[in-house]
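Spelled out from the first residue to the last, the chains are:
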Amino acid sequence: MSDLRIFTGNSNPELIKKICKYLSIPLSSSTVGKFADGEIEVKLGESVRGMDVFIVQSTNPPLENLFELLLMIDASRRASARRITAVIPYFGYSRQDKKDEPRVPISSKLIANLISTAGANRILAMDLHAGQIQGFFDIPVDHLYSTPVLVEHFKKMKIKNLVIVSPDVGGAKRAEAIARRMGNLPLTIINKRRPAPDKTYITNVVGDVKNKNVLIVDDIISTGGTIVNAAASLKREGAKDIYCYCTHPLLAKDALQKIENSKLKKLLVANTIPLKKSSKKIEILSVSELLGEAISRIHEETSVTSLFV
Ligand code: R5P
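These remarks concern the structure in this document. (Residues numbered from 1 in each chain as written. Predicted model: local features only at pLDDT ≥ 70, side-chain atom pairs only at ≥ 80, totals over all residues. Heavy atoms only, no water.)

## Overview of the sheet that holds strand 1 (residues 4-8)
Thinking step 1. Strand order in the open sheet formed by 5 strands is 1-4-5-6-7, with parallel pairing between adjacent strands. Looking at the sheet topology across the chains shown, the edges are occupied by strand 1 and strand 7 (141-144). Averaged over all pairs of adjacent strands, the angle between strand axes in this sheet comes to 20 degrees, irrespective of strand direction.
Thinking step 2. In the sheet, strand 6 (residues 122-126) pairs with strand 7 via 4 bridges, with the strands oriented parallel. Across the sheet, residue Ala-125 finds its bridge partner in strand 7, namely His-143.
Thinking step 3. Packed onto the sheet, helix 2 (residues 64-78) meets strand 1, strand 4 (52-56) and strand 5 (83-88) and runs at close to 165 degrees relative to strand 5. (Pairing = 2+ DSSP bridges. Helix = DSSP H or I, 4+ residues; strand = E, 2+ residues; numbered from the N terminus. Axes fitted to C-alpha atoms, helices over the stretch in contact; angles between N-to-C directions. Contact = heavy atoms within 4.5 Å.)

## Digging into the side chain of Ser-222
Thinking step 1. Within the secondary structure layout, Ser-222 lies in the loop between strand 11 (213-221) and helix 6 (225-236).
Thinking step 2. Once residues within four sequence positions are removed from consideration, Ser-222 is found in contact with Arg-95, Leu-250, Leu-251, Ala-252 and Ala-255.

## Here we look at the pairing of strand 11
Thinking step 1. Across the 9 residues of strand 11, 9 count as buried, placing the element largely inside the fold.
Thinking step 2. Note that strand 8 (residues 162-166) and strand 11 share 4 bridges and pair parallel. The partner of Ile-164 across the bridge, within strand 11, is Leu-215.
Thinking step 3. As paired strands, strand 11 and strand 12 (residues 242-249) are joined by 7 bridges and run parallel to one another. Bridge assignment links Val-214 to a residue of strand 12, and that residue is Ile-242. (Buried < 20%, exposed > 50% of the residue type's maximum accessible area, 1.4 Å probe, protein only.)

## Comments concerning the packing of helix 1 (residues 13-23) against helix 8 (residues 288-300)
Thinking step 1. One can describe the packing of helix 1 onto helix 8 by two numbers: an axis separation of 8 Å at closest approach and a directional angle of 55 degrees. Here helix 1 lies oblique to helix 8, going by the angle between them. Helix-helix and strand crossings are classified by hand; for helix 1 and helix 8 the assignment is right-handed. Every residue of helix 8 that contacts helix 1 at Leu-15, Lys-18, Ile-19, Tyr-22 and Leu-23 is listed here: Ser-288, Glu-289, Leu-291, Gly-292, Glu-293, Ile-295 and Ser-296.
Thinking step 2. For the contact of helix 1 with helix 8, the per-class residue count stands at 6 nonpolar, 3 polar and 3 charged. (Parallel < 35°, antiparallel > 145°, perpendicular 65-115°, else oblique. Left-handed = near helix turned anticlockwise from the far one by under 90°. Nonpolar A, V, L, I, M, F, W, Y, C, P; charged D, E, K, R; others polar.)

## What to know about the sheet that holds strand 10 (residues 199-206)
Thinking step 1. Strand order in the open sheet formed by 7 strands is 10-9-8-11-12-13-14, with mixed pairing between adjacent strands. With one partner strand each, in any of the chains shown, strand 10 and strand 14 (282-285) form the two edges of the open sheet. Going across the sheet, the axis of each strand differs from the next one's by a mean of 25 degrees, ignoring polarity.
Thinking step 2. Across 4 bridges, strand 12 lies against strand 13 (residues 266-270) in parallel orientation. Counted as the bridge partner of Cys-244 is Leu-267 from strand 13.
Thinking step 3. In this fold helix 5 (residues 172-181) packs onto strand 8, strand 9 (187-196) and strand 11, with an angle of close to 160 degrees to the strand it touches most, strand 8.

## Details of the site of the ligand
Thinking step 1. Neighbouring the ligand are 14 residues, the closest being Asp-218, Asp-219, Thr-223, Gly-224 and Thr-226.
Thinking step 2. Here an oxygen atom of the ligand and a backbone polar atom of Gly-224 are 2.8 Å apart.
Thinking step 3. Here an oxygen atom of the ligand sits 2.5 Å away from a polar atom, N or O, in the side chain of Thr-226.
Thinking step 4. Element by element, the count of residues in the shell around the ligand is highest for strand 11, at 4 residues. (Near = heavy atom within 4 Å. Polar contact = N/O pair within 3.5 Å; in protein donor to acceptor, adjacent residues only side chain to side chain.)

## Comments concerning the pairing of strand 9
Thinking step 1. Relative to strand 9, strand 8 runs parallel, the two being bridged by 3 bridges. The residue bridging Val-165 from the neighbouring strand is Thr-188, located in strand 9.
Thinking step 2. Bridging between strand 9 and strand 10 involves 6 bridges; their strand directions are antiparallel. Counted as the bridge partner of Asn-191 is Asn-204 from strand 10.
Thinking step 3. The hairpin formed by strand 9 and strand 10 contains 2 residues between the paired strands.

## Quick look at the environment of Leu-15
Thinking step 1. Its location among the elements puts Leu-15 in helix 1.
Thinking step 2. For Leu-15, a relative accessible area of 2% translates into the label buried.
Thinking step 3. Measuring from C-alpha to C-alpha, the distance between Leu-15 and Val-287 comes to 8.4 Å, with 272 residues separating the pair along the chain.
Thinking step 4. Setting aside residues no more than four positions away along its own chain, Leu-15 makes contact with Pro-89, Asn-271, Thr-272, Ser-288 and Leu-291.

Right, here's the structure in full:
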């Protein structure tokens, strides 16, 4: 791994430490700070000429996270890196991914264009909001799923009589894949409507959860409305213990409070985004080894297929 260099911005210092530990390499030095007026200032602290550069940065708010990534890619390209891989554990601006109503942007396509234009040669992402975002890039995208970490953890919990639940129709495929991986468990789908960006309500639950333990799976938890409403509906339908796994814990506004007061027994999240505050109900599952292994295999040009489950 002598020509592997790994850099990061300020999005997730804990995750990068764990990835470097897994790879047994030091984090390459860089300065990612600000000018007095607030503009971002980037400088790589070592030569990357001819190197295989990985820049690990989630692009959750604030917008600086995305901008730091773009500037670090640009700096690496101008410093003659051989190859630049943007490792994006959480790909922000992914929720507007189609023009499904008048006068809306396709934000994820614009972000993909920005990252490519900055000079990335490859992307490594995890649990993208929609698989088709891969196609917004004309460079190779390795799209990892965090499922193996969840499945391993949940199997150890040995919960009997379990049903997997998708909190909306859009997430049905994801939930079905997890149900299959956990031993062909039954699947229930919740019919959710979103009248405004941060408002949701539930029309009905498709499937039987009476006297069953349930695991709701979703990619993002933002205001918490989706999950908290889902948990309340499942309780009304007679579910017993309600668990939830959301890969990316954005936890906006009063989401933590809502979770505390909800019918959820436990919320499992990945460490793609650092948690602003902890909660007794939240448990963090680390995806650092999975990301580290993918980085190692991309660098060694070996297959990553077995990581895609
Ligand atoms: C929606 O399609 C996503 O998968 C999540 O369900 C959604 O982004 C969660 O948002 P919130 O926590 O604000 O309901």
